[in-house]
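The chain contents come next:
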Amino acid sequence: MNTIAIIDYGMGNLHSVSKAFEYVAPDVNVIVTSDAEKIRSADKVVLPGVGAMRDCMAEMKRLNVDSLVREVSVDRPFLGICVGMQALLQHSEENKGVEGIGLFSGNVKYFGDELKEEGWRLKVPHMGWNQVNQKIDHPLWSKIDNDARFYFVHSYYVPANSDENHVVGQTRYGHLIAAAIARDNIFAVQFHPEKSQHSGLQLLKNFAHWSGKL
Amino acid sequence: MGLAKRIIPCLDVDEGRVVKGVQFVDIRDAGDPVEVAKKYDEQGADEITFLDITASHQDRDTMVHTVEKMASQVFIPLTVGGGIRKVEDIRIMLNAGADKVAINTAAVFNPEFVKEAAERFGSQCIVVAIDAKKVSKEGEPGRWEIFTHGGRKPTGIDAIEWAKKMTAYGAGEILLTSMDQDGMKNGFDLGVTKAITDAISIPVIASGGVGNLQHLADGVNLGGADAVLAASIFHFGEYTVQEAKAHMSACGIEMRID
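Residues numbered from 1 in each chain as written. Chains lettered and ligands numbered in written order. Predicted model: local features only at pLDDT ≥ 70, side-chain atom pairs only at ≥ 80, totals over all residues.

Asks: Any details on the overall build of chain A? Residues and values, ideally.
Replies: If you tally the helices and strands in chain A, you get six helices and 16 strands. Against the compact-globule benchmark of 17 Å for 214 residues, chain A has a radius of gyration of 16 Å, which places it among compact chains. Summarising its shape, the C-alpha atoms of chain A cover approximately 55 × 40 × 30 Å along the three principal directions. Counting across all 214 residues of chain A, residues that qualify as buried make up 57%. Across chain A, every contact between residues at least 6 apart in sequence was considered, and the portion connecting residues at least 24 apart equals 66%. (Helix = DSSP H or I, 4+ residues; strand = E, 2+ residues; numbered from the N terminus. Rg over C-alpha atoms; globule rule 2.2 N^0.38 Å. Buried ≥ 20, exposed ≤ 12 C-beta atoms within 10 Å, placed from the backbone. Contact = placed C-beta atoms within 7 Å.)

Asks: Give me the lowdown on the packing of helix α1 (residues 14–24) of chain A against helix α6 (residues 197–208) of chain A, citing residues and values where you can.
Replies: Residues and elements named next belong to chain A. Between α1 and α6, the least distance of the axes is 9 Å, while the angle of their chain directions is 75°. Here α1 is positioned roughly perpendicular relative to α6, judged by the angle of their axes. Side by side, α1 and α6 meet where Ala20, Phe21, Tyr23 and Val24 of the first sit next to Leu201, Leu204, Lys205 and Ala208 of the second. Across the contact of α1 with α6, the residue classes tally to seven nonpolar, no polar and one charged. (Axes fitted to C-alpha atoms, helices over the stretch in contact; angles between N-to-C directions. Parallel < 35°, antiparallel > 145°, perpendicular 65-115°, else oblique. Nonpolar A, V, L, I, M, F, W, Y, C, P; charged D, E, K, R; others polar.)

Asks: Could you give an account of the sheet that holds strand β13 (residues 156–157) of chain A, with specific residues and numbers?
Replies: Where strands meet in a sheet, backbone hydrogen bonds hold them as pairs that are either parallel or antiparallel. Residue and element names in this part refer to chain A. Judged by pairing direction, the sheet is mixed, and its four strands sit side by side in the order β6-β5-β7-β13 without closing on themselves. The sheet is open, and its two borders are formed by β6 (98–99) and β13, each paired with just one other strand. With two bridges joining them, strand β7 (residues 104–110) and β13 adopt antiparallel strand pairing. Note that in β13 the partner of tyrosine 110 across the bridge is tyrosine 156. (Pairing = 2+ DSSP bridges.)

Asks: Residue-level account of the interface of chain A and chain B, with values.
Replies: Chain A puts 29 residues into the contact, and the matching count from chain B is 28 residues. Contributions of two or more residues to the side of chain A that touches chain B are made by α1, β10 (126–131), β12 (149–154), β14 (167–173) and α6 of chain A. A total of six residues in the side of chain A that touches chain B trace back to one element, the largest contributor, which is β10 of chain A. Tallied by class, residues from the side of chain A that touches chain B come to 11 nonpolar, 10 polar and eight charged.

Asks: Can you tell me about the packing of helix α3 (residues 87–96) of chain B against helix α5 (residues 112–121) of chain B, naming the residues and giving the values?
Replies: Residues and elements named next belong to chain B. Packing of α3 against α5 leaves a shortest axis separation of 10 Å and a crossing angle of 40°. The angle between α3 and α5 places the two elements in the oblique class. Crossing geometry of α3 relative to α5 is assigned as right-handed. Residues Val87, Ile90 and Leu94 of α3 form the contact with α5, whose own contacting residues are Glu116, Ala117, Arg120 and Phe121. (Left-handed = near helix turned anticlockwise from the far one by under 90°.)

Asks: Outline the pairing of strand β7 (residues 144–148) of chain B, listing residues and values.
Replies: All names here are of chain B. Two strands pair when backbone bridges link them, and strand β6 (residues 126–134) and β7 are joined in this way by three bridges, in the antiparallel orientation. Counted as the bridge partner of alanine 132 is isoleucine 146 from β7. One ladder, built from three bridges, connects β7 with strand β8 (residues 153–158); its direction is antiparallel. In the strand pairing of β8, glutamate 145 is matched with aspartate 158. Between the antiparallel neighbours β7 and β8 lie four residues, among them histidine 149 with a positive phi of about 55°.

Asks: So what's going on with the nonpolar core? Which residues, and what values?
Replies: Generally speaking, a soluble globular protein has its nonpolar side chains buried in company with each other. Within the largest apolar cluster, 165 residues are counted, with the highest numbers of intra-cluster contacts made by Val101, Ile103, Val114, Ile126, Val128, Ile130 and Ile174 of chain B. When near neighbours in sequence (up to four residues on either side) are disregarded, valine 128 of chain B contacts Ile103, Ala107, Val114, Met166, Ala171 and Ile174 of chain B. (Core = buried A, V, L, I, M, F, W, Y, C linked by C-beta atoms within 7 Å.)

Asks: Outline the sheet that holds β14 of chain A, supporting the account with residue identities and numerical values.
Replies: Residues and elements named next belong to chain A. With respect to topology, eight strands assemble into an open sheet ordered β2-β1-β3-β4-β16-β15-β14-β11, the strand pairing being mixed. Each edge of the open sheet is held by one strand with a lone partner, namely β2 (29–33) and β11 (133–134). Here β11 runs beside β14; their pairing, made up of two bridges, is antiparallel. Of the residues in β14, the one forming a bridge with glutamine 134 is glycine 169. Sitting on the sheet, α1 is in contact with β1 (3–7), β2, β3 (44–47) and β4 (78–81), with an inclination near 170° to β2.

The following block contains the structure:
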């Protein structure tokens, strides 16, 4: 049986991610675990994360999740969600600077307290349903409309022009931001697919059945 | 292309049942919050809020169970409010599958709790609920005060200053209820809504007083709200969430419509 391991490093609501996978892929064995061996033997791995990247990275380092992520993201389908995406970059400017895992180049930036678009002030966090433009075709976009809306909640973002060739989905909120980044068998999203109703569930279903090949 | 405004149906839950009545023709068990939430999800609700109105100890376990059930069947964001007083209360609700918690009275009595909660769990899951009542007289510049205990107890705290303070303490969102308008079906108190949305940088959910669909549109277009929360207009089947979205969209508001 195909196994998806959701890495539990004590940050955030893992229940929703696992329930969403169980809902869309009843034929898959979904486990939430911090056990390195179980994660190594899983067919697919998910790195979730909510809250502050500093806290997430600190916990990952303490539990050696960062090196485990480098190891398992080489050879099997790997999905990062929200801070689990941001953590894959080199660096974040959150809390005066946090080093990331570095699977993608670039920095995670703060939206700022004076975010504006066409003269209108935008609220931070970026919270709610925004459209994702599928900039590059990818198996995980299968059966999802271009510009479909997904649920976002974040105050830090990855600019869409950083590591540009790997940005497969982008969204506008004051800046053009990376909504999804991908490379080989790795896919990571800024939004929460587990909270994005039909489109989000379709993406998780696509991941559950993805070979990791493009 | 941009961020959509949100519609949030709110369910008052007591001992695991929806109270205030919910009437959907095709739901036999009208009192099950999960069934009701599913219905709203199908209609296109952008989020769901559960308010635990008794929040006794015993009731807490029932609520946790309801949240768990909801989180395994409905895949849109869920906020849980009512009786959130300690860090442990938040942890339990988030672990059960809630995405945000709404803190109300506890924030008034102990503002540091909001700071502690935001540092521990992240601002994104901390909603501060503000119950405001107009205290200025007719003809005076608008002034609103925070009330607790369902609008019965005045605190002497200015609502706008309080919203600013809660933002500085790490709240990720403000749920603003006008106690004057709540249940009156005359529309939101647009004065306090506009004053608070202009004063702070985080999203504001307008609540209290919705009687028709134009009220929802006014909350966004005139009050500047980022989201609108309503209960009875949806519960009694007067309007569906779809109808509300279609109306708001026709008023020029960006909505999520499949």
